[in-house]
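What follows is each chain in one-letter form.
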Amino acid sequence: KNTGAAYDKLQQYDLSMNAFQKGLRLFSEIGDAEEQAAVYYNIGYALQEQNKPKMAVTFLQKARSSVDSLQTPILQSKVYDALASIHAKLQQNEKALFYSQRYNEIQDSLNNSFVNALNYKLNYEEIQKENALLREAQLISSSQQQLIVLSLTALVVIISTVSFFVYFSIVSRQKRQ
């Protein structure tokens, strides 16, 4: 299918159609319906570029049938956009409007999916940052707790030492008297 598209861009239409036909046979043999639909779309698009809109519609309709059953929204949107464009050129305004509306619905759905994915990613990143801050706060809290325990231990040792010397001093005085 890529070879056919390359020939089409070079305006070598016979070679592009041959490559597309080979692609159709190959994808049909291996049972790859999505790739077949993509080749049908490419043939329709190439025929549209060659100003053969009625032939283009035939292949784009085959692509549409496939992509509708496969639920491949990106390819669906391309097919519906191409059909809207061709029907507009053929001045079949109702069909052009129908396909344009379907194209817009699919694009809206794709955009919503993209926005939802971005929101999920942003929320995930925010949660990760919050978790990192909480872990840091826990480490700080743990360090502060250790510092308090060490300070209290040192205070107890100092008080015990002072008490011992005070006691020892009192006992020494009593013995001297």
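Look above for the structure.
So, here's what we can say about the structure.

Here is what the cut-offs are and how they apply
Residues numbered from 1 in each chain as written. Predicted model: local features only at pLDDT ≥ 70, side-chain atom pairs only at ≥ 80, totals over all residues. Heavy atoms only, no water. Axes fitted to C-alpha atoms, helices over the stretch in contact; angles between N-to-C directions. Helix = DSSP H or I, 4+ residues; strand = E, 2+ residues; numbered from the N terminus. Parallel < 35°, antiparallel > 145°, perpendicular 65-115°, else oblique. Left-handed = near helix turned anticlockwise from the far one by under 90°. Contact = heavy atoms within 4.5 Å. Expected span 1.5 Å × (residues − 1). Buried < 20%, exposed > 50% of the residue type's maximum accessible area, 1.4 Å probe, protein only. Salt bridge = Lys/Arg side-chain N within 4 Å of Asp/Glu carboxyl O. Core = buried A, V, L, I, M, F, W, Y, C linked by side-chain atoms within 4.5 Å.

What to know about the packing of helix α4 (residues 53-70) against helix α5 (residues 73-89)
The N-to-C vectors of α4 and α5 enclose an angle of 150 degrees; their axes lie 9 Å apart at closest approach. As summarised for this structure, α4 and α5 are arranged roughly antiparallel, according to the angle between their axes. In the crossing of α4 with α5, the sense of the turn from one axis to the other is left-handed. Between α4, through Pro53, Ala56, Val57, Leu60, Gln61, Ala63, Arg64, Val67 and Asp68, and α5, the contact on the second element is made entirely by Leu75, Gln76, Val79, Tyr80, Ala82, Leu83, Ile86 and His87.

Remarks on α5
Helix length check: α5 (17 residues) gives 24 Å between terminal C-alpha atoms against 24 Å at 1.5 Å per residue, within 8%. Buried within α5 are the following residues: Leu75, Gln76, Ser77, Val79, Tyr80, Ala82, Leu83, Ala84, Ile86 and His87. Glutamine 91, located one to two residues past α5, shows a positive phi value of around 60 degrees.

Focus: α4
The first and last C-alpha atoms of α4 sit 25 Å apart over 18 residues, in line with the 26 Å expected at 1.5 Å per residue. Looking at α4, one finds that the buried residues are Ala56, Val57, Phe59, Leu60, Ala63, Ser66 and Val67. In this structure, the buried side of α4 is in contact with α3 (33-49) and α5. Once α4 ends, the next one or two residues include glutamine 71, with phi positive near 55 degrees.

Let's talk about the pattern of salt bridges
In this structure the tally under the stated criterion is two salt bridges. Note that arginine 102 and glutamate 105 form a salt bridge whose closest N and O atoms lie 2.8 Å from each other. Highlighted residues: arginine 102 and glutamate 105, both in helix α6 (residues 93-176), separated by three residues, approximately one helical turn. Take arginine 102: its relative accessible area is 23%, and that puts it in the partly exposed class. For glutamate 105, a relative accessible area of 45% translates into the label partly exposed.

Some details on unusual backbone geometry
Positive phi, close to 60 degrees, is recorded for asparagine 51, a residue that is not glycine. Turning to its location among the elements, asparagine 51 is positioned in the loop between α3 and α4. Under the relative-accessibility criterion, asparagine 51 is labelled exposed at 63%. Positive phi, normally seen in glycine, also occurs at glutamine 91, with a value near 60 degrees. Along the chain, glutamine 91 falls in the loop between α5 and α6.

Some remarks on the nonpolar core
In this structure, Tyr41, Ile43, Leu75 and Val79 are the most contacted members of the largest nonpolar core, which totals 27 residues. Broken down by secondary-structure element, the contributors of at least two residues to this core are α2 (13-30), α3, α4, α5 and α6. Here the element with the most residues in this core is α3; it accounts for eight residues. Leaving out residues up to four positions away in the same chain, isoleucine 43 has contacts with Met17, Phe20, Gln21, Leu24 and Phe59.

Considerations on the side chain of serine 16
Looking at the element boundaries, serine 16 is found in helix α2. Classification of serine 16 by relative accessible area gives buried; the value is 0%. Non-local contacts of serine 16, meaning those with residues more than four positions away in its chain, are made with Gly4, Tyr7 and Asp8.

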